[in-house]
Amino acid sequence: MIHLFEKQKRYFQTGETRPIDFRLQQLKNLKAAIKKYEREIIDTLKVELHKSEFEAYSAEIGVVYEEIRFMIKRLPDWIKPQRVPTPLTHIGSKSYIYPEPYGVNLIIAPWNYPFQLAISPLVGAIAAGNCAIIKPSEYTPNMSALLKKMISETFPEEYIAVVEGGVEVSQQLLDLRFDHIFFTGSVPVGKIVMAAAAKYLTPVTLELGGKSPAIVDASAHLDLAAKRIVWGKFLNAGQTCIAPDYVLVDANVKSLLIEKMKQYIVEFYGERPEQSPYYGRIVSERHTERLVRFLNEGTIVHGGRYDIEQRWIEPTLLDEITWEDDVMREEIFGPILPILTFETIDEAIAMVNAYEKPLALYLFSEDRQVQQQVIEQISFGGGCINDTIMHIATPYLPFGGVGQSGMGAYHGKASFDAFSHYKSVLKQTTKFDLSIRYPNNPNALKWI
Ligand code: NAD
């Protein structure tokens, strides 16, 4: 591993990764490699997470194509040094900002979108002129092996490489002095990554998780709220970092919302969701067992059946939940949706603010004042008004957390920025020299 890392360090020093033509070519090579392996990627996502072909394409492969297309189009502008104004006090000089690649990057990925979350950051790393080592998750070993095959066929290892393995391998990598670490995963492991990075003051981008609320007020378009919450929650069987973790609904419209959510669960996944080609599986038996524990809390108003060996839990709605229940103490990350109520929007805001800052927040309301109030009074990574999830799928919106849900952002221009250092340079004239700033100048005081 150290050998591979040293090789990348040396390769980066040659400067080969920097020219625009090289970067554009590598982005095209990456796209061609994904095209070549598209079928295998879809099949592997089916085997490991039971993702439907449509979901595999739209949530894993298609978004990466879009990211590459967006990058290729705009990169020539982004890599140019930017001339900025210079104050009068610096007369004779010009000011520039030069984006430069960090160097050798470590990208650690989770298992829930095992293709997209390994490759999408790589697009930013390549565009910004870097080398990278990717460490996929050990919970999706088939995808990890496929990524290794695809990447090693496409790029020399001194430029981009995949290192497979679990926690131990991850920790060995974290012992190395990378120039930047891009981590996607849980909050506890995010803290481990940041502590390891602190040893060398390595900059980190942390894409973490948390409990993302869906708030529904009495003015909301309830039918669409129910439909879009059900879609966002049960996509990938709830294993989405920005899935609505819980619903916070105005007490007056709770029953109606629940009725409509039940209706959409059946419409999307049928009476037997485990037989639906559109319903995902939990990544492992261990993860399924953890989730099943939550089913003992509150009252199940829909779903509740499960099979640990087959790794599925029905889309489940839990009513009569309190903030003290375990299901409200940790990120759920599965197809279980607790429903809590509020009387006033101020109360709802206070409830959310009593938790860590969420990665996402979804508000369903037709009331513009309420929309404005929630945006102003709750700090969250990003989110939607009257929808779920969709904010992640546009390259024009930087995606990332705040507080414990993460630091830094990516997607589109933000991906280029995440893997770049912006170097400020002042170019001074030698045609003249203003002596005012030097010591022992009798005229200096006249200037202040
Ligand atoms: P995880 O933190 O357990 O693992 C992520 C990666 O870290 C894996 O590659 C794993 O091998 C490695 N790792 C695990 N323990 C480690 C340790 N002790 N030291 C070093 N490396 C270690 O996360 P997960 O279970 O794979 O993914 C689920 C979590 O990721 C959820 O919390 C979810 O919200 C979050 N997530 C966030 C985003 C985002 O974009 N913000 C996206 C997907 C998932």
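Given the structure is predicted, the values throughout are model-derived calculations rather than measurements. Numbers given to residues run from 1 along each chain, matching the order in which its sequence is written. Whole-chain, interface and lining totals are the exception, using all residues; otherwise, since this is a predicted model, local features are given only for residues with pLDDT of at least 70 and side-chain atom pairs are given and counted only at 80 or more.

One broad rule of soluble globular proteins: the nonpolar side chains tend to lie buried together. Within the largest apolar cluster, 125 residues are counted, with the highest numbers of intra-cluster contacts made by I107, L122 and I134. Source of the domain bounds: an automatic or database domain assignment. Split by domain, this core shows at least three residues from each of two domains, domain 1 (1-208 + 407-425) and domain 2 (213-392). Residue pairs are scored as contacts if the distance between their C-beta atoms, which are placed from the backbone, is within 7 Å. The contacts of I107, once residues within four sequence positions are left out, are A118, P121, L122, A125, A132, I134 and F182. In this usage, the nonpolar core is the set of buried Ala, Val, Leu, Ile, Met, Phe, Trp, Tyr and Cys residues whose C-beta atoms join them within 7 Å. Partly exposed residues are those whose C-beta has more than 12 but fewer than 20 other C-beta atoms within 10 Å; 20 or more makes a residue buried and 12 or fewer makes it exposed, with C-beta atoms placed from the backbone.

All right, on to the pairing of strand β13 (residues 316-319) then. As paired strands, strand β10 (residues 299-302) and β13 are joined by 3 bridges and run antiparallel to one another. In the strand pairing of β13, I300 is matched with L318. When DSSP finds at least two bridges between two strands, those strands are taken to pair. Going along the chain from the N terminus, every DSSP run of H or I of four or more residues is numbered as a helix, and every run of E of two or more is numbered as a strand. Here β13 pairs with strand β14 (residues 336-342) via 3 bridges, running parallel. Considered in β14, the bridge of T316 is made with I336.

This next bit is on the environment of D43. Mapped onto the elements of the fold, D43 is located in helix α2 (residues 20-49). Judged by local crowding, D43 falls into the partly exposed class, with 15 C-beta atoms found within 10 Å. Each C-alpha atom of the pair D43 and M143 lies 9.7 Å from the other, and the pair is 100 residues apart in sequence.

Once that is clear, we can look at the site of the ligand. The ligand sits among 28 residues. The nearest are P110, S170, G185, G209 and C241. When residues of the shell around the ligand are traced back to their parent elements, those giving at least two are α6 (167-174) and α7 (187-198). Broken down by element, the shell around the ligand gets its largest block of residues, 4 residues, from α6. For the shell around the ligand, the class distribution of residues is 13 nonpolar, 11 polar and 4 charged. Domain assignment of the residues forming the shell around the ligand places at least three in each of domain 1 (1-208 + 407-425) and domain 2 (213-392). We call a residue near a molecule or strand when the C-beta position, derived from backbone atoms, sits within 6 Å of it. Residues are grouped as follows: Ala, Val, Leu, Ile, Met, Phe, Trp, Tyr, Cys and Pro are nonpolar; Asp, Glu, Lys and Arg are charged; every other residue, Gly included, is polar.

Turning our attention to the UniProt feature "active site" (unreviewed entry) in the protein. UniProt positions are given in the numbering used here, feature names are shortened, and annotations may be inferred rather than shown by experiment. With numbering matched to this structure, UniProt assigns "active site" (unreviewed entry) to E207 and C241. Considering the C-alpha atoms alone, the annotated residues occupy 35 residues of sequence yet fold into one spot, their largest mutual distance being 9.1 Å. Looking at where E207 falls in the secondary structure, it is placed in strand β7 (residues 204-207). Ignoring sequence-local partners within four residues, the contact set of E207 consists of F183, T184, G400, G401 and G406. Taking the C-beta count within 10 Å as the criterion, C241 has 27 such neighbours and is therefore assigned buried. Excluding residues that lie within four positions of it along the chain, C241 makes contacts with N112, G209 and L359.

A separate point is the environment of E285. Within the secondary structure, E285 is located in helix α10 (residues 285-293). Put simply, E285 and W312 are 27 residues apart on the chain and 8.9 Å apart in space, counted from C-alpha to C-alpha. Ignoring sequence-local partners within four residues, the contact set of E285 consists of I308, E309 and R311.

Viewed as axis vectors pointing N to C, α2 and helix α5 (residues 141-154) meet at an angle of 170°, and their least axial separation amounts to 10 Å. Judged by the inter-axis angle, α2 sits roughly antiparallel to α5. Considering the relative orientation of α2 and α5, their crossing is right-handed. Across the interface between the two elements, N29, L30, A33, Y37, E40, I41, T44, V47 and E48 from α2 touch N142, M143, L146, M150, E153 and T154 from α5. Residues that form the contact of α2 with α5 fall into these classes: 8 nonpolar, 4 polar and 3 charged. A fitted line through C-alpha atoms serves as each axis, taken over the contacting stretch for helices, and the angle formed by two N-to-C directions is quoted from 0 to 180°. These descriptions rest on fixed angle ranges, namely under 35 degrees for roughly parallel, over 145 for roughly antiparallel, 65 to 115 for roughly perpendicular, and the rest for oblique. When the near helix sits turned anticlockwise from the far one by under a right angle, the crossing is termed left-handed; a clockwise turn instead gives a right-handed crossing.

The next thing to look at is the sheet that holds strand β1 (residues 82-84). The 3 strands are arranged β1-β2-β18 in an open sheet whose pairing can be described as antiparallel. Across the chains shown, the open sheet's two edge strands, defined by having one partner strand only, are β1 and β18 (420-427). Sheet twist, expressed as the average angle between the axes of neighbouring strands with direction ignored, equals 30°.

A few words now on the pairing of strand β6 (residues 180-184). The element β6 is largely enclosed, with a buried count of 5 among its 5 residues. Alternating residues of β6 divide into H180, F182 and T184 and I181 and F183, and every residue in both groups is buried. Bridge analysis of β6 against β7 gives 4 bridges, and the strand direction is parallel. Note that in β7 the partner of T184 across the bridge is E207. Note on handedness: a clockwise path from strand one over the helix to strand two, with the strands aimed away from the viewer, defines a right-handed crossover. Read from β6 through α7 to β7, the crossover connection turns out right-handed.

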